[in-house]
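# Geometric and topological summary
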Amino acid sequence: MFDFKLPLISILGLLTILVLVSLVLDYLRLLRRPARIGLWLAMLGIIAGFFLTATAVMPDNRFYGPAFSEVKTSQKVVALTFDDGPYPPYTEQVLDVLREYKVPATFFVIGRNAEKHPELVRRIVAEGHQIGNHTYNHVDLLKTNRRGIADEIDRTNRLLQTITGDMPHVVRPPHGFRDSVVIDAMTERKLKVVEWSVSSRDWTNPGVDAIVRRTIGKVRNGSVILLHDGDGVAQSASRAQTVEAARQIIRELLAQGYRFVTVDEILANTED
Ligand SMILES: [Zn+2]
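Quantities reported herein were computed from a predicted structural model and do not represent experimental measurements. (Residues numbered from 1 in each chain as written. Predicted model: local features only at pLDDT ≥ 70, side-chain atom pairs only at ≥ 80, totals over all residues. Heavy atoms only, no water.)

## Description of the pattern of salt bridges
Per the counting criterion, the structure on display carries 16 salt bridges. Linking R123 and D96 is a salt bridge whose minimum nitrogen-to-oxygen distance equals 2.7 Å. You can see R123 sitting in helix 5 (residues 118-126) and its partner D96 sitting in helix 3 (residues 90-101), a full 27 residues away along the chain. On the basis of relative accessible area, D96 is assigned to the partly exposed category, the value being 36%. Within this structure, D96, R99, R123 and E127 form a network of salt bridges that share partners. (Salt bridge = Lys/Arg side-chain N within 4 Å of Asp/Glu carboxyl O. Helix = DSSP H or I, 4+ residues; strand = E, 2+ residues; numbered from the N terminus. Buried < 20%, exposed > 50% of the residue type's maximum accessible area, 1.4 Å probe, protein only.)

## Things to note about the side chain of R178
Here R178 shows up in the loop between strand 4 (170-171) and helix 7 (180-188). According to the relative accessible area criterion, R178 is buried, its value standing at 2%. A polar atom in the side chain of R178 sits 2.6 Å from the backbone oxygen of N61. In contact with R178, not counting residues within four places along its chain, are T55, A56, V57, M58, P59, N61, Y64, A67, L142, P173, I183 and E195. (Polar contact = N/O pair within 3.5 Å; in protein donor to acceptor, adjacent residues only side chain to side chain. Contact = heavy atoms within 4.5 Å.)

## Remarks on the coordination of the zinc ion
The protein atoms that coordinate the zinc ion are D84 (OD), H134 (NE2) and H138 (NE2), at distances of 2.1 Å. Sequence spacing of the donors to the zinc ion: D-x49-H-x3-H. Here the two residues H134 and H138 agree in accessibility, since each one is buried. (Donors = N, O, S within 2.8 Å, 3.2 Å for Na, K, Ca; no water.)

## What to know about the packing of helix 3 against helix 9 (residues 240-255)
Interhelical geometry of helix 3 versus helix 9 gives an angle of 15° and a closest axis separation of 9 Å. For the element pair helix 3 / helix 9, the angle class is roughly parallel. In terms of crossing hand, the pair formed by helix 3 and helix 9 is right-handed. For the pair helix 3 and helix 9, contact is made by Y90, Q93, V94, V97, L98, E100 and Y101 and by A240, V243, A246, R247, I250, R251 and L254, respectively. Among the residues forming the contact of helix 3 with helix 9, the class breakdown is 10 nonpolar, one polar and three charged. (Axes fitted to C-alpha atoms, helices over the stretch in contact; angles between N-to-C directions. Parallel < 35°, antiparallel > 145°, perpendicular 65-115°, else oblique. Left-handed = near helix turned anticlockwise from the far one by under 90°. Nonpolar A, V, L, I, M, F, W, Y, C, P; charged D, E, K, R; others polar.)

## Topic: a nonpolar patch on the surface
There is a patch of nonpolar side chains on the surface, built from L18, V24, Y27, L28, L30, L31, I37, L41 and L44 and spanning about 850 Å² of accessible area. Of all the secondary-structure elements, those providing two or more residues to the nonpolar patch are helix 1 (8-27) and helix 2 (37-57). Tracing the sequence through the fold places I37 in helix 2. Residue I37 is classed as partly exposed on the basis of its relative accessible area, which comes to 33%. (Patch = residues over 30% accessible without salt bridge, like charges linked within 9 Å, V, L, I, M, F, W, Y side chains within 5 Å. Areas by Shrake-Rupley, 256 points an atom, 1.4 Å probe, with all protein chains shown as cover.)

## Description of the packing of aromatic side chains
In this structure the tally under the stated criterion is four aromatic pairs. Each ring, one from F63 and one from Y64, has its centre 5.0 Å from the other, and the planes form 85°; the classification is edge-to-face. Classification of Y64 by relative accessible area gives buried; the value is 3%. With a centroid separation of 5.3 Å and an interplanar angle of 20°, the aromatic rings of F82 and F107 are classed as stacked. With F82 in strand 1 (residues 77-83) and F107 in strand 2 (residues 106-109), the pair connects residues that are 25 residues apart, well separated along the chain. Taking the relative accessible area as the measure of exposure, F82 reaches 0% and is therefore buried. You can call F107 buried: its relative accessible area is 0%. Taking the ring centre of Y258 as reference, the NZ or CZ of K76 above it sits at 4.5 Å. Above the plane of the ring of Y136 lies R155, whose end atom (NZ or CZ) is 3.7 Å from the centre. (Phe/Tyr/Trp six-rings, centres within 6.5 Å; stacked < 30°, edge-to-face > 60°. Lys NZ or Arg CZ within 6 Å of the ring centre and 35° of its normal.)

Have a look at this one:
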């Protein structure tokens, strides 16, 4: 567990200064004995910067604190998650597919979109799916200060409680990006950070076949599948490919004997 509560962006700023100072010292032929300490420090700074950035943007690690990307289980369970909605008509179409196959999912909704379409949020809950917080404006939390992070989360939680009567207890940071400050804000609010283990990059609309193939190829027991029923706050791209891909993914995984569960249920299945 990383216990150094500085925003990543500040750490990267400090590392940049360290690298520059070290390189200048080396250039001035200072600190060169017994080894080129300046040069080594600069290299160390660059490596640390890469490591700290990679762990903040990659979904499958807990370097900055607790974040689930999948669970270890011997049961054939998977969780379908949909981000960025509600976004008509695609959210309704996804809900129709889920209803047809009687499978539950988890929707990480953007507060701003939920405010525009509260009836869709109510339908999601009424049909037995779980709701998670995906911030109000879909901002990059690594570039947001502590107060901004709190606003993004609290505003969305309050809104969702007003619409559904329940406060979400799971959150997915936009793009999955988090550092220790972000994780701290979530922990303070008793929100579980949920990442994913299977991504098909469906938001780039690579074609139904590609979304299905990339997803099915990576699924295993305890996987958390990432799909998008929305398009950030832009709300301009079609999600027709994801709707059709979701149907095929569900059909194929059911045929393979998988059971679909919500994020809460898959977390309850962990055998760590
Ligand atoms: Zn998103």
